[in-house]
Amino acid sequence: MIHKAIQARAALLLLTASFSIPAHSQTTLGEIAGAAQRSGDKSRQALVSVFGNVVNDPLSIAGGTDTVLAGIFMVTNATLLVIGGFIVCYQFLRKITQTAHDGTAFDQQKHILWGPIRILWGLASVVPSPNGWSLAQLLMLWGASIMGVGTANLAVDQAVSAFNSGDSMVMQPVMPSTLSTAQGLFEANLCMHGLNMGVATASQSGALIPDGEFVNLKPTANGFVLRNASFVCGGVDLPSSFDSTPASNSWFSSSIPMEALRTAHTQALREMQGILDSQALAFVKSVVDRQANPNASLINAESAIQAAAQAYEKHVNTVAATKQGDIKSLASKLGTTIAESGWWTLGAWYQTFAQANTKLSDAVAAKAAVYGTSTAGDPAILAIYNAAYTAYISQQSTTNFTPPIGTSSTADYSKTATGNEASKIIGGIFQAPGQRFVNWAVNINAGGEGLGQVNPLIKMKNLGDYTLGIADTALATYAIAKGASKLKDHFSLVGIAARVADFATGIGSLFQSALDALSPIIIILVISLFLLGGALSIYLPFVPFIVWFGAAINWLIVVGEAVIAAPLWAVTHLRGDGGDGLGNHSTHGWVFLLNVMVRPLLMVCGFFLGGAFLIAGGTLLNQLFGVGVANAQFDSITGLVSVIFLLAIYVSMATNLVHSCFNLIFIVPDQVINWIGGHASSALGRDDNDRMRHAVAAISGKVEEAVNRRLSPRLDGSKGKPRSGDGFSSR
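As a convention, each chain's residues are numbered from 1 in the sequence order in which they are written. Local features in this predicted model are restricted to residues whose pLDDT is 70 or higher, and side-chain atom pairs enter the listing and the counts only when it is 80 or higher, whereas totals over whole chains, interfaces and linings include all residues. Only hydrogens and water are removed before side-chain values are computed, so all heavy atoms of the structure are retained for them.

**Considerations on the pairing of strand E1 (residues 216–219)**
Side chains on a regular strand alternate between the two faces of the sheet. The condition that has to hold: When DSSP finds at least two bridges between two strands, those strands are taken to pair. Strands here are runs of E lasting at least two residues and helices are runs of H or I lasting at least four, both read from the DSSP assignment and numbered beginning at the N terminus.
Where E1 meets strand E2 (residues 223–227), four bridges bridge the pair, whose relative direction is antiparallel. Looking at the pairing, Leu217 lines up with Leu226 of E2. Remark: three residues form the turn of the hairpin made by E1 and E2, two consecutive strands paired antiparallel.

Set out below in C-alpha cells:
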C-alpha cells in the first residue's frame, strides 16, 4: 500500500507540474495548447472523428449528443452516478458507526480529512454533462488532445527546425581534409598565442621589445596569415576558383553554383578560425598555469579541433545546401506538411531525414591549403610556445577523444591492409573475388568516394536497387538466349544460317541443351535476386512507416481505453478506506492519465532514437560484415551461389536491425511509463510490423512454390509436359 501511495504522489506531482509550468520555462501551457489546436492536425482530426465535437469544445452547455459513443457514455455515467450514491451512503453510515464506537471523528490514518475531498471529486467527476461526457472523461480527452498532441507537435517542430538548420540526427565523422585543415590552423594559432604570450611576459618583466614582434592575423587575397614583422606562424589559402559540384548523384542533377560554394567555404573558414583562435589561447594559458601548478588541467586540443571541423562542414551544408538529392524541395515540403498535419505524419518522412544527413564530401570537405611556420625570420621569445607545443604533441599521442563510429574505417576488408587491425589483416590474406564483391555490395554509396557517412538504410536501398537491376538484366539475357536458341527452328534467313552453322559445328544444339539443363537453376537464382532486392529496395525503407502507423493506431486505442475507464476510475475515489491523498485504489488512473499526456512525445523520442541507433548499428554491420565473410569463407571459393547466400544473410540481419531499432517507437513509451508503476498498453497496432514481415515471407513462399511447380516437370525429365492424373497413384 505504501508503494501505491508513492506512485500516486509521483503521478500527481508530475500532473501538477504540467498545470503550473513556471514562467521562466521555454514552453508554456499556452504554446502547448496552440500547437495542439492546429486545424489540420491529423491526430486531432482522428479524435474528433471518433469522439465528436467534444474534443474541440469540451465544456459545451448545448444539450444532445453528436456520436453514438456520447449517448452510451451518458447512460454509463448516469448509472455510475447512482451506484456512486449508494457507495457514499454506505461509507457515511459506516463512518458514523465507527465514530460512535471509537468516540472520536479523527483516526490515525487521517481518513476524515481526505475522505470528503475524495468523495467530492469522485461524485463531481462522474456526473454526466449535457453532452453526455463526465468530467473524468473530459480530463482524459484534455490530456490526449491538448497535452499529448501539443507536446508532440512542439517536439517535431524542433526536429524540423534543426533539420532545416543543418543539424544531423547523429554526429557524423568529418572528412580527412577538413580535419587536416583544422589541425594545421590550431597549430598555427598555438604558435601565435605562444609567441605573443612570451613577448607579453618579457615586456612585463622590463625587456625591450621591438615593434612588430606580436603575431597578428592578416588577410590575404585568398585567405589569411598569422605573422609578425619577420616570422610566419602559418596561414591558409582557398583556391581562387571552385569546380561546380553536383547537388546529387543523379545523372540529371543540377550543380551547386561555384560562387555559392566558395562563399560557403569562406564563411566556414572564418568560423573555424574563430573557434580555434579562442581554444588555442585557452590551451596556452592552461600550459602556463600548469607550470605554476602541476595539478592544473589542460584544454583537450583534439576536442577543439574536432568541434571546429564539425562546425565547418555544418556551415557548408547549411549555406550551400550540399545535401544528397533534391533535398531543398523535400525540406520545404517536410516543414510545410508536418506544420499543417502534425506529429502523426512523422513516420512517413524518415527517408527525407536520412537523405538530409547524407552529405556530399566533395562539396563539404575543406578546400583550403594550410601552411605552417616559416624557416626564416625572428620568432622572438620561444619559451612559452615550445612548452605549449610540447604539451600539445604529448596530448595528441595519448588522446582519449572518441570520434563517431565510421570515422576510421572504409569497411573494405578485401583490400591489402597494413598495421595491426585484425580485420584488415584477414582481408589482406584472403582476397577472394567473391568476398571482394560482397564487401563492395554492402558498402554501395551510389556516388563513389564523393559521399561521406551514408545512412545505412540508404545503403541498403542502394544495394537493393542494384540487385533488382542485376535481376532484370539476367532475366532479359535469359529471355534473349532462349529466343536465340530457337532461331534454327524457324524458316528465315537467320534461321537457315543458324541451322547451317549448327550442322557444321553443332554449337547451336550444344547451346540449347546447356540452356535447357540450366534453366531451372537460372530461374531460381533470378527469382532469389528479385526477392532479396525487393526486400532491400522496397520493404526495408517502408519499415519506419509501417511501425509508426501501428504506433499511431495504438495511441488511439490507449486514448479510447482511458476514456472508457475514466468513469470507473472516478468511482474508485468514493471508497472511504483509501488512505491519505486521493486514495491508493485510484493510483492506476492517475498514472494512466500521465501516460495519455506524454505518450505522443515519447513516441517521437523513440522514432528519432531508433533512427540514431540505426545509423550506429547499420554502420557497424557494414564495417564488420566483411570480417564475418572473411572468417566464414576463409580460403574457400566464394562463387555465385555463395554470394547469393551471403546476400540473404545480410538481408536477414538488416531486416532484424531495422525492426529492432524502430520498435523503440513502442518500447520507449511503455518502458518509461513502467518506471512510475504503469504497465504496457494495448498491443493492438503493435504487431502490424510483425504481420507485415509474415506477409512478405508468405509472398516469398508462394512465389517459390509457384516456381517449383513450374519447374518440377523439367526436373522430372518430362521436358515441360504436364503430368497426367491428380498426383495420386492407385493399385
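Moving on from the coordinates now.
**A word on the confidence of the model for the chain**
To keep it simple, the criterion reads: Confidence of the predictor at the level of single residues is captured by pLDDT, which takes values from 0 to 100. A contact between two residues is defined here by any heavy atoms of the two lying within 4.5 Å.
Here the chain shows a mean pLDDT of 74. Residues at 70 or above account for 64%. The secondary structure element of the chain with the lowest average pLDDT is helix H14 (residues 422–429), at 42, and the one with the highest is helix H3 (residues 42–51), at 90. A low-confidence stretch, residues 1–25 (pLDDT under 50), is modelled with 28 contacts involving residues beyond four sequence positions or located in other chains. Residue range residues 446–452 is modelled with pLDDT below 50. Its contacts to residues more than four positions away, or to other chains, number 20 contacts.

**Some points on the pairing of E2**
Quick note on the threshold: Burial here depends on accessible area, computed with a 1.4 Å probe over protein chains only, as a share of the maximum for the residue type. Under 20% is buried, over 50% is exposed, and the range in between is partly exposed.
By the criterion of burial, E2 is predominantly enclosed, with four of the five residues buried. Pairing analysis gives five bridges linking E2 to strand E3 (residues 232–237), with the strands arranged antiparallel. Bridge pairing links Arg227 to Val232 in E3.

**What about the nonpolar core?**
Using the following cut-off: Residues enter a nonpolar core if they are buried and are Ala, Val, Leu, Ile, Met, Phe, Trp, Tyr or Cys, with the set joined through side-chain atoms within 4.5 Å.
In this structure, Phe51, Trp133, Trp343, Leu346, Met460, Leu540 and Trp555 are the most contacted members of the largest nonpolar core, which totals 91 residues. The dominant element in this core, judged by the number of residues it contributes, is helix H18 (residues 507–571), at 22 residues. The contact partners of Trp133, leaving out residues within four places of it in the chain, are Phe51, Val54, Ala70, Phe73, Asn77, Val127, Pro128, Leu138, Leu141 and Val563. In terms of nonpolar packing, the next biggest core, distinct from the first, is built from 38 residues, Leu190, Phe231, Val316 and Ile384 among them.

**Some thoughts on the packing of helix H7 (residues 176–204) against helix H13 (residues 383–397)**
Short version of the rule: Axis definition: a line fitted to C-alpha atoms, limited for helices to the stretch in contact. Angles are taken between N-to-C directions and run from 0 to 180 degrees. Each helix crossing is assigned a hand: it is left-handed if the near helix lies turned anticlockwise from the far helix by less than a right angle, otherwise right-handed if that turn is clockwise. Three classes are used: nonpolar for Ala, Val, Leu, Ile, Met, Phe, Trp, Tyr, Cys and Pro, charged for Asp, Glu, Lys and Arg, and polar for all others, with Gly counted as polar.
At a minimum axis distance of 7 Å, the contact between H7 and H13 shows a crossing angle of 145°. Seen from above, H7 lies across H13 with right-handed handedness. From H7, Gln183, Phe186, Glu187, Leu190, Cys191, Gly194, Leu195, Met197, Gly198 and Thr201 reach across to H13, where they touch Ile384, Tyr385, Ala388, Tyr389, Tyr392 and Gln396. Grouping the amino acids of the contact of H7 with H13 by side-chain chemistry returns 10 nonpolar, five polar and one charged.

**Focus on the packing of aromatic side chains**
Formally: Any pair of Phe, Tyr and Trp rings, taking the six-membered ring for Trp, is counted once the centres come within 6.5 Å. Such a pair is stacked with planes under 30 degrees apart, edge-to-face with planes over 60 apart, and tilted for the rest.
Scanning the entire structure with this criterion turns up 18 aromatic pairs. Through a chain of ring-to-ring contacts, the aromatic side chains of Trp343, Trp344, Tyr350, Trp548, Trp555, Phe607, Phe608 and Phe662 assemble into a single cluster.

**A short note on the sheet that holds E3**
Strand order in this open sheet of four strands is E1-E2-E3-E6, and the pairing throughout is antiparallel. Of all strands in the sheet, those with a lone pairing partner are E1 and strand E6 (369–371), marking the two edges. For this sheet the average axis-to-axis angle between neighbouring strands, irrespective of direction, equals 15°. Pairing between E3 and E6: three bridges, direction antiparallel. Its bridge partner being in E6, Gly235 is matched across the sheet by Tyr371. Packing of H7 onto the sheet brings it into contact with E1, E2, E3 and E6, and relative to E3 it is tilted by some 150°.

**Description of the environment of Arg118**
In this structure, Arg118 sits in helix H5 (residues 111–126). When its relative accessible area of 1% is taken as the criterion, Arg118 is described as buried. Sequence separation between Arg118 and Val571 is 453 residues, and the spatial gap between their C-alpha atoms is 9.6 Å.

**Describing the environment of Asn216**
Mapped onto the secondary structure, Asn216 falls in strand E1. Taking the relative accessible area as the measure of exposure, Asn216 reaches 42% and is therefore partly exposed. Among all residues touching Asn216, those that are not within four sequence positions of it are Met192, Val225, Leu226 and Arg227.

**Focus: the state of the cysteines**
Put simply, the test is: Sulfur atoms of two cysteines make up a disulfide when they are within 2.5 Å.
Counting across every chain of the model gives one disulfide. There is a disulfide in this structure between Cys191 and Cys233, and the S-S distance comes to 2.1 Å. Around the S-S axis, the bridge from Cys191 to Cys233 shows a dihedral of about -60° and counts as left-handed. One end of the pair, Cys191, is in helix H7; the other, Cys233, is in strand E3, with 42 residues separating them in the sequence. Given the relative accessible area of 2%, Cys233 is considered buried.

**What to know about the side chain of Asn153**
The condition that has to hold: Pairs of N or O atoms are called polar contacts if they sit within 3.5 Å, as long as, within protein, a hydrogen donor faces a hydrogen acceptor (for residues adjacent in sequence, only side-chain-to-side-chain pairs).
Relative to the assigned elements, Asn153 resides in helix H6 (residues 135–164). Within the structure, Asn153 has its side chain in polar contact with the backbone oxygen of Ala35 (distance 2.9 Å). Looking at Asn153, its side chain comes within polar contact range of the main-chain nitrogen of Trp343, at 2.8 Å. Aside from chain neighbours lying at most four places away, what touches Asn153 is Ala35, Ala36, Arg38, Asp41, Gly342 and Trp343.

**Notes on H3**
So the rule is basically this: The arc in question is the one traced by the directions running from the helix axis out to the C-beta atoms.
Among the residues of H3, Ser43, Arg44, Ala46, Leu47 and Phe51 are the ones counted as buried. The buried side chains of H3 occupy one side of the element, clustering within an arc of 155° when seen end-on. In the stretch just after H3, Gly52 is the one whose phi turns positive, near 95°.

**Notes on the side chain of Thr178**
By the element assignment, Thr178 lies in helix H7. The class of Thr178 is buried, set by a relative accessible area of 0%. A polar atom in the side chain of Thr178 sits 2.8 Å from the side chain of Glu313.

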